[in-house]
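Secondary and tertiary structure notes
Take a look at the letters that make up each chain.
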Amino acid sequence: MSEIASREAVAPPVPRRRPRRRDETWFYGPAAMLIFLLAWEAGVAISGIPELFLPRPSAIVVSLVTLFATKGLAYDTALTLWRIFGGFLLGSMIGIFLGVLMGTSRRIFATTDIFVAAIYPVPKISLVPLLVIWLGTGDLFLIVLAALGCLFPVLVNTITGVKQCDPGLILAARDLGASRAQILRHVVIPAAVPAIFAGLRLALGISIILIVAAEMQTARYGLGAKLHLAGQILETGDVFAILLLLSLIGIVLTKVQSIADRFVGRWRAT
Amino acid sequence: MPAPFAAIAVTRLSHTFESRSGATTLALSDVSFEFPAGRVTSIVGPSGCGKSTLLLILRGLLAASEGEVRFLYGAERQPGPPPRMATVWQSFNLLPWRSVLDNVAFGLELGGMGRAEREARAQDAIRAVELGGFEKHFPGQLSGGMRQRVGLARGLVMQPEILFLDEPFGALDAQTRLYLQEQLSALVERSGRTVVLVTHSIEEAIFLGDLVMVMTARPGRVAATLEVGLPRPRGLDAQKTPRFGQLFEEIYGLLRDEVRKAMLERI
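All of these numbers come straight from a predicted model, not from anything done at the bench. (Residues numbered from 1 in each chain as written. Chains lettered and ligands numbered in written order. Predicted model: local features only at pLDDT ≥ 70, side-chain atom pairs only at ≥ 80, totals over all residues.)

For chain B, the helix and strand inventory stands at 8 helices and 10 strands. The C-alpha atoms of chain B give a radius of gyration of 19 Å, which matches the 18 Å a tight globule of 267 residues would have. For chain B, buried positions account for 46% of its 267 residues. The contacts in chain B between residues at least 6 apart in sequence include a share of 72% that link residues at least 24 apart. (Helix = DSSP H or I, 4+ residues; strand = E, 2+ residues; numbered from the N terminus. Rg over C-alpha atoms; globule rule 2.2 N^0.38 Å. Buried ≥ 20, exposed ≤ 12 C-beta atoms within 10 Å, placed from the backbone. Contact = placed C-beta atoms within 7 Å.)

Structure below.
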């Protein structure tokens, strides 16, 4: 009998961080990008396409550096990031809070679901005129707009996550003496975390889209505003430079999110 | 010395489930029984006979439609407030995002015990179920048998006066089940606490029980109560004794018709 026990118990107690093997295709993507950029550079130089239509990658980098060095793009970047995260945090916090309420109380769900169903499908960018009338064109308007965009994906995902909680876990917690508040805090909300994170991932993308789009329409400063302006005065190099910057911001945020995901979901790695 | 543990007396217990469509199912009908203090009572019955429902009612996690559950203390069997209780579940019900240590300490944490003390107690419980060295593992990294030992440690660390076992080995393979049955048998014999075991395995009911309560198919009623009377400590050889075979036959005889009824009902 003890054979079974010892066979099971022999496993070494080092569960985490198996050395992640780098697969041998890791450089394919970067190499493809490099070749693409070189072809672009050479293609523009050989064919003589005017800079107005398609600047060379090297010129775009120069434009980006110039924008930062002499035209205060750092201020615009900081402003845009503040608006993106302000709206994201505000909307997400409200979404999680309402989602937990709606997911745990049938009465609250029955009362409020019709409002969610009515407002969720409205494209949030179409709220710009109304929000400008109410709030003007300042930061408050932009942050509220992004918050509205972030609220619903987080809300809907939180409701799903909370409702999907395994009833067996709640039973076990009650058996161990958990109060309603403790069940919520220690069982229901942690169980909903993967779903909530999926909602947050969607929300951050929506916040970026809404802020840049609204800045293009209404703002004087911010990456969207500068992008719009550069387009109007046919500074194609600046347009590309700002697009490059937006792309870099997107890459960094996606990476940060996947690190956060891995940290929060580390118990799922078996 | 009389055991300080509590007996559970149920009188005229009935329970009806109501589905969303309004259809009602009578799960338990008129169950009266006394689970004696400091002894192991096994409940066997065909699937769907309401034995798990009965366990939830005894544990106080489900309010019965009718009837009464009382806890009796001492030789005079004085009724009193519910004692400390803990349950081990068929599907383990461990919190997958908590380590083994944090799962075992969970009940103590809920009760407001400080970190140092609860972790020390959880360590002891983990060692008692032979899982020392696995404190930092997550449940998803353990085998079924190890997970159920975590479930057992999580219950034992609460020092329950009554321990409920809801088909604790139902989800495990045959060898693991045998081994855990032996381990549990030893733990139960040492503690002398009141245990209620729900199982669909006749062997398990006899091997672990002092008393076997046989239930009928739905609606569940008490068909018979048998005194096991096998000496403790029991090893696997207990299963080869004539008494074991006799009990098995008797219980199977009681259950056979009920199992058939339960099967026909599901067709």
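Structure shown, so let's carry the discussion forward.
Turning next to the sheet that holds strand S4 (residues 66–73) of chain B. All names here are of chain B. Strand order in this open sheet of 4 strands is S2-S1-S4-S5, and the pairing throughout is antiparallel. This sheet does not close on itself; its edge strands, each paired only once, are strand S2 (24–35) and strand S5 (78–80). Along the sheet, successive strands turn relative to each other by an average axial angle of 30°, direction set aside. In this sheet, S4 lies alongside strand S1 (residues 7–18) in antiparallel orientation, the contact comprising 6 bridges. Paired with Val10 across the two strands is Val69, which belongs to S4. (Pairing = 2+ DSSP bridges. Axes fitted to C-alpha atoms, helices over the stretch in contact; angles between N-to-C directions.)

Residues and elements named next belong to chain A. Taking 1.5 Å of rise per residue, the 20 residues of helix H2 (residues 28–47) would be expected to cover 28 Å, and the 28 Å separating its terminal C-alpha atoms lies within 8% of that figure. Burial runs low along H2: only 0 of the 20 residues are buried. The first or second residue beyond H2 is Gly48, which carries a positive phi of 70°. (Expected span 1.5 Å × (residues − 1).)

Residues and elements named next belong to chain A. Remark: helix H6 (residues 128–135) packs on helix H7 (residues 139–163), axes separated minimally by 9 Å, with the N-to-C direction vectors making an angle of 140°. Considered as vectors, H6 and H7 are oriented oblique to each other. Crossing handedness for the pair H6 and H7: right-handed. Side by side, H6 and H7 meet where Val128, Leu131, Val132 and Leu135 of the first sit next to Leu140, Phe141, Val144 and Leu145 of the second. Of the residues in the contact of H6 with H7, the class split is 8 nonpolar, no polar and no charged. (Parallel < 35°, antiparallel > 145°, perpendicular 65-115°, else oblique. Left-handed = near helix turned anticlockwise from the far one by under 90°. Nonpolar A, V, L, I, M, F, W, Y, C, P; charged D, E, K, R; others polar.)

A few words on the pairing of strand S9 (residues 211–215) of chain B. Residues and elements named next belong to chain B. Extensive coverage of S9 is indicated by the burial of 4 of its 5 residues. Of the strand pairs in this sheet, strand S3 (residues 40–44) and S9 are connected by 4 bridges, and their pairing is parallel. What sits directly across from Ser42, in S9, is Val212.

Here the focus is the sheet that holds strand S10 (residues 222–227) of chain B. Residue and element names in this part refer to chain B. Here 6 strands make up an open sheet; going across it, the order is S6-S7-S8-S3-S9-S10 and the pairing mixed. Of all the strands in the sheet, the pair left with one neighbour each is strand S6 (85–88) and S10. For this sheet, the mean inter-axis angle between neighbouring strands, taken without regard to orientation, is 15°. Strand contacts of helix H5 (residues 144–156): S6 and strand S7 (162–166), with the helix running at about 175° to S6, the strand carrying the most contacts.

Nothing here speaks to function; it is all geometry.
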